[in-house]
Amino acid sequence: MLKGYQKAEAVSLILSRLYPEDYPALTEEMLEPLIQQCVDADFDYMIAHDILQPDGSDGDCYYNKRNAHCHIMSLLYQNNGFTEDDFDDLYCLVDDYMDYNRSYLELHGLSYHEDERIAITGMDW
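Residues numbered from 1 in each chain as written. Predicted model: local features only at pLDDT ≥ 70, side-chain atom pairs only at ≥ 80, totals over all residues. Heavy atoms only, no water.

Peer 1: Describe the overall build of the protein, and please don't skip the residues or the numbers.
Peer 2: In terms of regular secondary structure, the protein is built from four helices and zero strands. Ordering the α and β elements of the protein from the N terminus gives α-α-α-α. For the protein, buried positions account for 38% of its 125 residues. Accessible surface, the protein: about 7,500 Å² in total, of which carbon and sulfur atoms supply 49%. (Helix = DSSP H or I, 4+ residues; strand = E, 2+ residues; numbered from the N terminus. Buried < 20%, exposed > 50% of the residue type's maximum accessible area, 1.4 Å probe, protein only. Areas by Shrake-Rupley, 256 points an atom, 1.4 Å probe, with all protein chains shown as cover.)

Next up, the structure:
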């Protein structure tokens, strides 16, 4: 776990920002356990890809939001028996988790090991 990251506090903040009606295929009772699973899957991704060490220190690689999203979706599907009918709502939930978790990190002065050199500004398209 990232040093200074409080899972219960993060889950609470994330849940306070969700609108259950945005995920009609998911019941309101499902949201808290799913957000907890998102946190666990996110940290699983970071440790498995050497972004974060098990002790919470930085690894040698950088966080990739798209790859993390795919990893989280995959684990949620495996662990909960979702079907294709649930895909859109689950995708939106994971998207919202990632945005609101980022808010939690920023509010607490925390960050993932990202490559800040990569920026859209100044890119030659």
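Peer 1: Before we move on, could you go through helix 4 (residues 87-107) and cite the residues and values that matter?
Peer 2: Its 21 residues place the ends of helix 4 30 Å apart at the C-alpha level, agreeing with the 30 Å of an ideal helix rising 1.5 Å per residue. Those residues of helix 4 that sit buried are Asp-89, Leu-90, Leu-93, Val-94, Asp-96, Tyr-97, Met-98, Asn-101, Tyr-104 and Leu-105. The elements touched by buried residues of helix 4 are helix 1 (7-17), helix 2 (28-48) and helix 3 (65-80). Following helix 4 by one or two positions, Gly-109 adopts a phi angle in the positive range, close to 65°. (Expected span 1.5 Å × (residues − 1). Contact = heavy atoms within 4.5 Å.)

Peer 1: Go over unusual backbone geometry, please, and point to the residues and values.
Peer 2: A negative phi holds for most residues other than glycine; trans holds for most peptide bonds. Phi angles above zero are rare outside glycine, and Asp-50 is one such case at about 55°. On the secondary structure map, Asp-50 appears in the loop between helix 2 and helix 3. For Asp-50, a relative accessible area of 25% puts it in the partly exposed group.

Peer 1: Residues and numbers for helix 1, please.
Peer 2: Along helix 1, the residues that are buried comprise Ala-10, Val-11, Leu-13 and Ile-14. The buried side chains of helix 1 occupy one side of the element, clustering within an arc of 165° when seen end-on. Turned more than 90 degrees away from the buried face of helix 1 sit Ala-8 and Ser-16, all of them exposed. Elements that come into contact with the buried residues of helix 1 comprise helix 2 and helix 4. (Arc of directions from axis to C-beta.)

Peer 1: Outline the packing of helix 3 against helix 4, listing residues and values.
Peer 2: For the pair helix 3 and helix 4, interaxial distance at closest approach is 10 Å and the crossing angle is 130°. As the angle between them shows, helix 3 and helix 4 are arranged oblique. In this structure, helix 3 meets helix 4 at a crossing whose hand is right-handed. Of helix 4, the residues touching helix 3 (which contributes Lys-65, Ala-68, His-69, Ile-72, Met-73, Leu-76 and Tyr-77) are Phe-87, Leu-90, Tyr-91, Val-94, Asp-95, Tyr-97, Met-98 and Asp-99. Residues of the contact of helix 3 with helix 4, tallied by class, amount to 11 nonpolar, one polar and three charged. (Axes fitted to C-alpha atoms, helices over the stretch in contact; angles between N-to-C directions. Parallel < 35°, antiparallel > 145°, perpendicular 65-115°, else oblique. Left-handed = near helix turned anticlockwise from the far one by under 90°. Nonpolar A, V, L, I, M, F, W, Y, C, P; charged D, E, K, R; others polar.)

Peer 1: Outline the packing of aromatic side chains, supporting the account with residue identities and numerical values.
Peer 2: Taken as a whole, this structure holds six aromatic pairs when the rule is applied. Plain terms: the ring middles of Tyr-5 and Tyr-104 are 5.1 Å apart, the flat faces sit at 75° to each other, and that makes the pair edge-to-face. Of this pair, Tyr-5 sits in the segment before helix 1 while Tyr-104 sits in helix 4, and the two are 99 residues apart along the sequence. Grouping residues by exposure puts Tyr-5 and Tyr-104 together as buried. With a centroid separation of 6.0 Å and 70° between ring planes, the pair formed by Tyr-77 and Phe-82 is classed as edge-to-face. Each residue in the set Tyr-77, Phe-82, Phe-87 and Tyr-91 is aromatic and connected to the rest through ring pairs, giving one cluster. (Phe/Tyr/Trp six-rings, centres within 6.5 Å; stacked < 30°, edge-to-face > 60°.)

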